Amino acid sequence: MSQTEQLSYIAGQAADARLNLELETDGMVINLGPQHPATHGTLRLVARLEGEEVVEAEPIMGYMHRGYEKLAEVRTYLQVTALINRIDWLGSFANEVPFILGAEQLMEIEVPDRARWIRTLLFELSRIANISLFLGEMGLQLGAVTPAFFAFRDREFVLNQIEQVTGGRFHPNFDRIGGLKDDLPAGWIAETKSVMKRMRTFCDEIEDLLVGNEVFETRMRGIGVIPAEVGLSYGLSGANIRASGVDWDLRRDEPVGLVYDQLDWKVWTHPDGDSFARYWVRVQEVREATKMVEQILDGLPSGPIMAKVPRIIKVPKGEAYIQTENPLGAMGYYIISKGDLTPFRLKIRSASFNNISITPWLLKGTLVPDIITILGSLYFILGDIDR
Amino acid sequence: MIFAVDLLLRDSIGLVEVGIVLLKVGVAFVLLLLGVMLMIWFERKFISDMQNRIGPNLAGPFGIFQTLADGIKLFFKEDQVPAKADPLVFRLAPYLALVPAFLIFTVVPIGGDFSGGGDGTVTWWGRQTFLQVADPPIGFLIILAMSSMAVYGVLLAGWASGSKYPLFSAIRVSAQMVSYEVALGLSFASVLLMSKSFSTHDIVLSQGGYEWNLWMTGLVPFFIFLLAVTAEMNRPPFDLVEAEQELVGGFHTEYSSLRFALFYLAEFMNVITMSGVIVTLFLGGPEGPEPFPLPGWLWGIFWFCLKMVVFLAVFVWFRATLPRFRYDQLMNLGWKLLIPLSLVWFLALATLQVSDNRDWNDFIVLASIFGGFVLVGLLLKRALKTAAHNPDPDLSAPATAENNVEENAGRNTENNFDIENLKEKDLGGKN
Amino acid sequence: METAVFIVAAIITVLSAFGVILAKNPVHSVLMLMATLFAIAVLFVAQDAHFLAAVQIIVYAGAIVVLFLFVVMLLGVDLAENLRVEPIGGQRPLAIGATVATAVLTILLIIVAASDSSKPESGDLAGITQETGNTGVANLGRVIFTDYVWAFEIIAALLTIGVIGAVLLTRRAKQQEVEEEVVEKEGGQL
């Protein structure tokens with residue numbers, strides 16, 4: 001090869017390299033949130049994009065951190081329930097239960113049967129109130145507005161029932177160490193049964209509107225697939241892990257203090273692990289919960305609703321960890337008591353925190369619209385992430 | 001020089017003629033603005049009925065003045081131009097969105113006596129004229145041209161905002177509208193084949209005697225047109241451009257005050273004009289029965305409005321029920337289903353016309369059309385399969401612009417193949 | 001009337017055409033180009049070439065300029081070009097020279113044409129316009145699909161080939177393949 005040829009080849013290579021350098025485009029970094037219509041609450045998601053494809057995404061939390069773990073250390077056990085009501089604000093009663101159960105375990109109190117049944121009842125009612133809203137909201141995330149309004153409409157009936165018992169529509173603050181604050185009001189049982197029928201109709205409506213909708217299916221199926229091992233390694237719980245085919249439900253597997261072992265019900269799982277599976281499992285869970293509520297209403301034992309507890313509650317020295325299957329997943333409280341009026345340390349394991357920890361793994365390589373689908377289908381509540 | 005073939009302008013143009021034209025322009029303008037006002041109210045009211053809400057009910061009877069109140073509110077809001085925006089283009093964009101919507105309406109005949117062999121003229125002050133602002137010989141193409149112009153408003157607004165979400169919106173809109181333009185044009189072509197004229201007035205005239213294009217073209221072009229129009233207008237379920245959950249507000253995220261109102265106005269005006277276009281092209285325009293005598297043109301307007309309201313309701317219904325498509329799914333629907341289907345349908349219609357003209361054997365013609373459908377379908381399926389199994393990761397990835405072009409290119413060759421078949425048949429007929 | 005339309009449209013055409021080359025911001029240039037195309041469409045209408053005007057808007061303003069805009073937007077107009085550095089040496093003097101030469105040629109041609117009193121030959125196209133009824137679209141179609149059918153088909157095939165070629169050229173090969181290719185090439189060269 002002559003020298004000129006060599007030189008021209010080198011020059012050509014250099015020109016190519018220059019061109020490539022010029023045409024190299026940086027990815028775009030977008031901030032979804034903390035103020036964004038698709039993040040219910042103040043979750044911030046920083047995503048680096050290549051076109052519409054997500055190269056990297058990271059959830060940044062803490063915009064709503066309220067320090068409940070620390071606040072609980074200067075409050076009596078009775079006051080702590082008022083705080084932790086606000087962790088998962090859509091299924092508030094369910095937040096109280098594991099904490100109270102933990103305290104009862106430390107105090108070694110035997111709770112009356114009726115109280116345990118009513119606890120389970122309210123627990124399931126708050127699950128219905130919580131997840132039914134998700135069922136509508138998922139449509140809203142994908143651009144179908146109407147299901148959300150249906151969900152708000154029918155959830156209201158459940159909230160009314162909760163309010164009639166507890167006096168609080170959103171934050172009941174009803175669970176006490178040793179039992180419950182009050183008994184059920186008169187005529188409540190029949191009314192609740194009709195509400196449960198209504199909720200089942202709502203599930204049917206949602207299945208008609210969304211689950212059977214082709215657009216909805218194409219948006220949900222195969223999007224955000226979580227294999228079971230990956231889900232378990234990230235500590236996913238609740239419907240998110242059951243949708244990946246893991247048959248794990250604390251209600252059945254660790255029925256501490258509640259009466260799930262005396263009811264006839266089924267744990268639904270789905271083999272696919274995609275967004276659609278997560279949605280489907282939750283629809284079935286609402287159905288199952290309505291059936292459970294009806295069974296509880298039928299089999300409610302009579303008796304007192306409060307055990308004998310001292311007027312001033314001092315939890316004896318010790319440690320306890322109790323977790324229950326909350327609407328969003330496994331929720332647990334680790335209570336360390338030094339025998340004072342207040343817990344010495346309270347660690348809250350909330351489901352959403354773990355559930356969204358998978359997002360960096362899950363969002364890699366997806367498209368921008370799928371971010372919304374995946375975040376929506378993982379179903380988190382900001383209070384449950386930030387506490 | 002011919003500006004239009006309207007009867008009004010055939011003869012000498014005097015003061016009365018100019019007056020009539022100005023009157024028509026004014027009436028069309030006011031009608032559209034009023035229509036938008038009512039349309040926004042209608043949409044909100046209708047959708048709130050579907051969603052167990054009450055909707056606007058305070059401003060005026062049944063809340064009918066709600067839009068007016070909103071407009072006044074927006075008018076008095078602060079008009080902001082973001083620091084990073086391109087001020088000139090940012091200010092220009094809302095008008096670019098609005099003007100095409102107006103212009104499309106000018107060629108839509110909104111009334112006239114088309115039933116019983118009427119030619120749709122009305123007589124005002126001794127002058128015969130049509131009930132449309134203009135009837136250019138290429139009215140049909142004006143609709144196409146203006147709907148392709150509508151992309152600029154969104155594109156430039158998205159770019160000029162100097163912000164990320166609007167830019168995303170701009171990128172999406174350019175691809176979406178340019179590709180659905182093709183489906184729109186191809187389903188248009190079927191209508192053209194039946195009506196044999198570009199003039200909207202002639203199209204309505206050719207559908208006289210209830211030979212509406214809706215069934216004369218065999219329903220398929222109508223549905224393709226409806227879908228393509230929905231995508232062109234960026235209405236749900238194709239509203240990726242302003243997808244609130246993804247892109248906050250899309251192209252109008254940074255807009256406020258009157259400019260935002262203009263975008264809103266343009267969107268709803270597009271809904272109205274496009275409903276009008278659908279009625280004109282497929283449903284015989286103002287044609288309809290006349291149960292009792294009124295001046296003929298009044299019945300025309302009545303039927304036109306009735307048909308239009310049906311489509312307005314359909315668009316609202318779409319919005320209330322359907323989730324949004326994803327970007328690549330939208331492209332797949334457009335390029336892999338709507339465009340080939342409308343192309344093949346157009347060829348089939350053309351074959352039928354030719355065979356009618358030349359008295360070919362109906363059975364053979366239908367059989368060969370059916371065979372052509374099957375052939376194209378199989379080829380298409382094969383092409384999609386090949387594309388799906390291609391080891392190149394770029395193809396299995398969500399559709400990009402290049403992939404779409406390639407899909408289209410593949411399809412073109414198939415259809416060229418079909419055209420050759422047709423020509424052979426044609427020659428066979430001659431010999 | 002026709003003169004008035006011509007003058008207005010021509011002024012817009014020329015001014016916006018200057019705008020295309022003078023605007024600093026490429027997006028503004030593209031907008032100016034759009035204005036030019038529109039004004040030319042108006043000139044077409046004034047010449048009774050309705051179809052041509054419509055196609056001009058649909059194809060050029062509606063599709064091609066959108067793509068221009070798209071590309072300009074994507075490549076990022078925020079990067080100000082350094083006008084001091086000339087990518088191709090001597091292009092400015094060359095451009096000025098070419099412009100002057102073209103202008104001189106045009107003026108010369110106009111002078112020659114004006115001095116030639118005989119009318120331009122009325123070829124096929126003139127015949128077509130005379131046949132035309134209202135629109136000319138039907139005649140246009142007839143001419144394209146009979147007399148010029150070969151040209152039409154060849155152009156169609158050419159465009160299709162162009163599209164396929166563009167796709168093949170722009171499709172990103174796998175990173176590995178590229179590297180292998182580079183290695184092969186360099187091995188052969190060195």
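Cut-offs used in this document
Residues numbered from 1 in each chain as written. Chains lettered and ligands numbered in written order. Predicted model: local features only at pLDDT ≥ 70, side-chain atom pairs only at ≥ 80, totals over all residues. Helix = DSSP H or I, 4+ residues; strand = E, 2+ residues; numbered from the N terminus. Buried ≥ 20, exposed ≤ 12 C-beta atoms within 10 Å, placed from the backbone. Contact = placed C-beta atoms within 7 Å. Expected span 1.5 Å × (residues − 1). Bend = angle between axes of the 7 residues up to and from the residue. Nonpolar A, V, L, I, M, F, W, Y, C, P; charged D, E, K, R; others polar. Pairing = 2+ DSSP bridges. Axes fitted to C-alpha atoms, helices over the stretch in contact; angles between N-to-C directions. Core = buried A, V, L, I, M, F, W, Y, C linked by C-beta atoms within 7 Å. Parallel < 35°, antiparallel > 145°, perpendicular 65-115°, else oblique. Left-handed = near helix turned anticlockwise from the far one by under 90°. pLDDT = per-residue confidence, 0-100.

Asker: Would you mind showing me how to read the overall build of chain C here?
Answerer: Across its full length, chain C carries eight helices and zero strands. Its helices and strands in sequence order give chain C the pattern α-α-α-α-α-α-α-α, from N to C terminus. Among the 190 residues that make up chain C, the fraction classed as buried is 15%. For chain C, restricting intrachain contacts to residue pairs at least 6 apart in sequence, the fraction spanning at least 24 positions comes to 50%.

Asker: Please explain the overall build of chain A as it appears in this structure.
Answerer: Assigned secondary structure in chain A consists of 16 helices and eight strands. The 387 residues of chain A split such that 49% are buried.

Asker: Would you explain helix α12 (residues 327-358) of chain B in this entry?
Answerer: Think of an α-helix as turning once every 3.6 residues; residues three or four places apart then point the same way. All names here are of chain B. Relative to the 46 Å expected for 32 residues at 1.5 Å per residue, α12 spans 45 Å between its end C-alpha atoms, a close match to the ideal helical length. For α12, the principal kink sits at L338 and spans about 30 degrees; a proline, P340, occurs within the next four residues. Where α12 ends, the next residue or the one after it, D359, has phi of about 55 degrees, a positive value.

Asker: It is not clear to me how the interface of chain B and chain A should be interpreted in this structure. Could you clarify?
Answerer: One widely used convention gives an interface's size as the accessible area the parts lose upon coming together. Contact residues are listed per partner, giving 23 residues for chain B and 24 residues for chain A. It is helix α9 (residues 244-247) of chain B that contributes the most residues to the side of chain B that touches chain A, three residues altogether. Tallied by class, the residues present in the side of chain B that touches chain A amount to eleven nonpolar, five polar and seven charged.

Asker: Got a minute to help me understand helix α5 (residues 113-141) of chain A in this structure?
Answerer: Taking 1.5 Å of rise per residue, 29 residues should cover 42 Å, and α5 of chain A covers 42 Å from first to last C-alpha, within 8% of that figure. The first or second residue beyond α5 of chain A is G143 of chain A, which carries a positive phi of 105 degrees.

Asker: How should I be thinking about the sheet that holds strand β6 (residues 318-326) of chain A in this particular structure?
Answerer: For sheets, the rule is that strands pair by backbone hydrogen bonds, running either parallel or antiparallel. Residue and element names in this part refer to chain A. Reading across from one edge, β6-β7-β8 is the order of the three strands in this open sheet, with antiparallel pairing throughout. Each end of this open sheet is capped by a strand with a single partner; those strands are β6 and β8 (345-349). Taken over all neighbouring pairs, the strand axes of this sheet differ in orientation by 10 degrees on average, direction set aside. Taken together, the nine bridges between β6 and strand β7 (residues 329-337) define a ladder with antiparallel strand orientation. Residue G318 lies in a different strand from β7, and its bridge partner there is S337. Seen against the sheet, helix α4 (residues 92-107) touches β6 and β7 and runs at an angle of roughly 150 degrees to β6.

Asker: Help me understand the nonpolar core in this model?
Answerer: What tends to happen in soluble globular proteins is that the nonpolar side chains get buried as a cluster. Residue and element names in this part refer to chain B. Formed by 250 residues in total, the largest nonpolar core has its most connected members in L155, A228 and I278. It is helix α4 (residues 139-160) that provides the largest number of residues to this core, a total of 17 residues. Ignoring any residue separated from it by four or fewer positions in sequence, one finds A228 in contact with Y180, A183, L184, S187 and L338.

Asker: Mind showing me how you'd approach the sheet that holds strand β1 (residues 28-32) of chain A here?
Answerer: Residue and element names in this part refer to chain A. Strands sit in the order β1-β2-β3 across an open sheet of three strands; the sheet is antiparallel. The open sheet has two edge strands, β1 and β3 (53-60), and neither has a second partner. Neighbour to neighbour, the strand axes of the sheet diverge by 20 degrees on average, direction disregarded.

Asker: Which parts of the structure should I look at to understand the packing of helix α1 (residues 15-50) of chain B against helix α2 (residues 66-75) of chain B?
Answerer: Each pair of packed helices gets described by two things: the angle between the helix axes and the distance between those axes. Residues and elements named next belong to chain B. The geometry of α1 relative to α2 is characterised by a closest axis approach of 8 Å and an angle of 110 degrees between their N-to-C directions. Relative to α2, α1 is oriented roughly perpendicular. Between α1 and α2, the residues in contact are M37, I40, W41 and R44 and Q66, T67 and L68, respectively. Partitioning the contact of α1 with α2 into residue classes produces four nonpolar, two polar and one charged.

Asker: What exactly am I supposed to notice about the environment of L337 of chain B here?
Answerer: Residue position: L337 of chain B is located in helix α12. Between the alpha carbons of L337 of chain B and A183 of chain B there is a distance of 9.5 Å; along the sequence they are 154 residues apart.

Asker: Quick question: what am I supposed to make of unusual backbone geometry here?
Answerer: What is expected of a backbone is that most residues other than glycine have negative phi and most peptide bonds are trans. Residue and element names in this part refer to chain B. With an omega dihedral of 0 degrees, the bond running from P236 to P237 counts as a cis peptide bond. Mapped onto the fold, P237 is located in the loop between α8 (220-232) and α9. With a phi close to 60 degrees, N234 is a non-glycine residue in the positive phi region. Mapped onto the secondary structure, N234 falls in the loop between α8 and α9. Classification of N234 as buried rests on a count of 25 C-beta atoms within 10 Å.

Asker: What should I look at first to understand the environment of I356 of chain A in this one?
Answerer: Residues and elements named next belong to chain A. Relative to the elements of secondary structure, I356 occurs in helix α13 (residues 351-356). Looking at I356, the number of C-beta atoms within 10 Å reads 25, which means it is buried. As a C-alpha pair, I356 and I381 span 25 residues in sequence and 10.0 Å in three-dimensional space. Each residue touching I356, except ones within four places of it in the same chain, is listed here: P59, L378, F380 and I385.

Asker: I'm lost on the packing of α5 of chain A against helix α12 (residues 275-299) of chain A in this one. Help?
Answerer: All names here are of chain A. Relative to each other, α5 and α12 sit at 150 degrees, their axes nearing to 9 Å. Looking at the two axes, α5 sits roughly antiparallel to α12. When the axes of α5 and α12 are compared, the crossing they make is left-handed. For the pair formed by α5 and α12, the contact residues are W117, T120, L121, E124, L125, R127, I128, I131, S132, F134, L135 and M138 on the first element and Y279, R282, V283, E285, V286, A289, T290, M292, V293 and I296 on the second. In the contact of α5 with α12, the residues fall into 15 nonpolar, three polar and four charged.

Asker: Explanation requested: the confidence of the model for chain C in the structure shown.
Answerer: Do not read the fine detail of predicted coordinates wherever pLDDT is low. Residues and elements named next belong to chain C. For chain C, the average pLDDT comes to 75, and 71% of its residues sit at 70 or higher. The least confident element of chain C is helix α5 (residues 124-131), whose mean pLDDT is 46; the most confident is helix α7 (residues 149-170), at 88. Between residues 120-134, whose pLDDT stays under 50, and residues either more than four places distant or in other chains, the model counts seven contacts. Reported for the predicted complex are a pTM of 0.78 and an ipTM of 0.76.

Asker: I tried to follow the environment of A72 of chain A on my own but got confused; where do I start?
Answerer: All names here are of chain A. Summarising the element assignment, A72 is placed in the loop between α2 (68-71) and α3 (77-84). Sequence-wise, A72 and R345 are 273 residues apart; in three dimensions their C-alpha atoms are separated by 7.8 Å. Each residue touching A72, except ones within four places of it in the same chain, is listed here: V80, L83, P343 and L346.

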